[in-house]
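# Residue-level structural notes
Spelled out from the first residue to the last, the chains are:
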Amino acid sequence: MITEKQSPISIAVALLLIPFCILLAAYTLKTLWWWFVVPLGVPPVGMAHAYGLSTIVALMRYTDWKAVNEGKALESVMRSLGVNGMALLCGYIVHRIMLP
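Here the structure is a predicted model, which means the values were calculated and not measured. (Residues numbered from 1 in each chain as written. Predicted model: local features only at pLDDT ≥ 70, side-chain atom pairs only at ≥ 80, totals over all residues. Heavy atoms only, no water.)

## Thoughts on the overall build of the protein chain
Just so we agree on the cut-off: Every helix listed is a DSSP run of H or I at least four residues long, and every strand listed is a run of E at least two residues long, numbered separately from the N terminus. When accessible area is computed with a 1.4 Å probe and restricted to protein chains, residues below 20% of their type maximum are described as buried, those above 50% as exposed, and intermediate ones as partly exposed. By the convention used here, residues are in contact when the closest approach between their heavy atoms is within 4.5 Å. Using a 1.4 Å probe, the Shrake-Rupley method yields the accessible areas, and only the shown protein chains count as cover for residues.
Each helix and strand counted, the protein chain has 4 helices and 0 strands in total. Counting from the amino terminus, the protein chain carries its helices and strands in the arrangement α-α-α-α. Across the 100 residues of the protein chain, 11% fall into the buried class. Within the protein chain, contacts between residues separated by at least 24 positions form 42% of all contacts whose residues are at least 6 apart in sequence. When the accessible surface of the protein chain is totalled, it reaches about 8000 Å², and 75% of it is carbon and sulfur.

Here it is, written out as structure tokens:
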């Protein structure tokens, strides 16, 4: 939880950097996949598939244990709904881009 107030400029910069971070994460996973997994005989993946795989792994690892341990179960549930909802929305968009 953020206890200090964030300036509007830092929030705007963070929002503008989100697409870059998504592309960088997808590129990184795609490149590492090509370097380390393709030589084992697994087919290569593109940027969209790499992003989808990273989203799946992130969802499997996400748990808001801090909120649970602080007795904020409702906050934890709401964050989980938000995280899963955003992941599903972003995944759907990328899935639609991948379709011929």
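## Thoughts on helix α1 (residues 8-36)
Heads up, the rule is: Take the number of residues in a helix, subtract one, and multiply by 1.5 Å to get its expected span. Bend, at a single residue, is the angle you get between axes fitted to the 7 residues ending at that residue and the 7 residues starting at it.
A rise of 1.5 Å per residue sets the reference length of α1, with its 29 residues, at 42 Å; its end C-alpha atoms lie 41 Å apart and thus fit the reference within 8%. Its axis deflected by about 35 degrees at I18, α1 carries its strongest bend there, up to four residues before the proline P19.

## Considering the environment of P44
On the secondary structure map, P44 appears in the loop between α1 and α2 (47-61). The partly exposed category is assigned to P44, whose relative accessible area is 46%. Spatially, the C-alpha atoms of P44 and W33 are 7.0 Å apart, while their sequence positions differ by 11 residues.

## What about the packing of aromatic side chains?
What characterises a pair of aromatic rings is the spacing of the ring centres plus the angle enclosed by the ring planes. The line we're drawing: Paired rings are identified among Phe, Tyr and Trp, the last through its six-membered ring, by centres lying within 6.5 Å, and are further divided according to the angle between planes into stacked (under 30 degrees), edge-to-face (over 60) and tilted (the rest). Put simply, a charge is over a ring when the Lys NZ or the Arg CZ is close to the ring centre, within 6 Å, and near the line of the ring normal, within 35 degrees.
A complete count under the given rule lists 1 aromatic pair for this structure. Positioned over the ring face of W34 is K30, at 5.7 Å from the centre of the ring.

## As for α2
Selection criterion: Comment: arc refers to directions from the helix axis out to C-beta atoms.
Over its 15 residues, α2 runs 21 Å from end to end, which matches the ideal 21 Å to within 8%, given 1.5 Å per residue. Those residues of α2 that sit buried are A50, Y51 and T55. When α2 is viewed along its axis, its buried side chains cluster within an angular range of 140 degrees and face the same direction.

## So, the side chain of T55
Just so we agree on the cut-off: Pairs of N or O atoms are called polar contacts if they sit within 3.5 Å, as long as, within protein, a hydrogen donor faces a hydrogen acceptor (for residues adjacent in sequence, only side-chain-to-side-chain pairs).
In this fold, T55 is placed in helix α2. A polar contact of 2.9 Å, which involves the side chain of T55, links it to the backbone oxygen of Y51.

## Here we look at a nonpolar patch on the surface
Heads up, the rule is: Candidate patch residues must exceed 30% relative accessible area and have no salt bridge, after which like charges are joined if within 9 Å and Val, Leu, Ile, Met, Phe, Trp or Tyr side chains if within 5 Å. For salt bridges, the criterion is a side-chain nitrogen of Lys or Arg within 4 Å of an Asp or Glu carboxyl oxygen.
On the surface, I9, V13, L17, F20, L23, L24, Y27 and M47 cluster together into a nonpolar patch covering about 800 Å² of accessible area. Among the elements that line the nonpolar patch, the one with the most residues is α1, at 7 residues. Residue placement: F20 occurs in helix α1. Exposure remark for F20: the relative accessible area of 51% places this residue in the exposed category.

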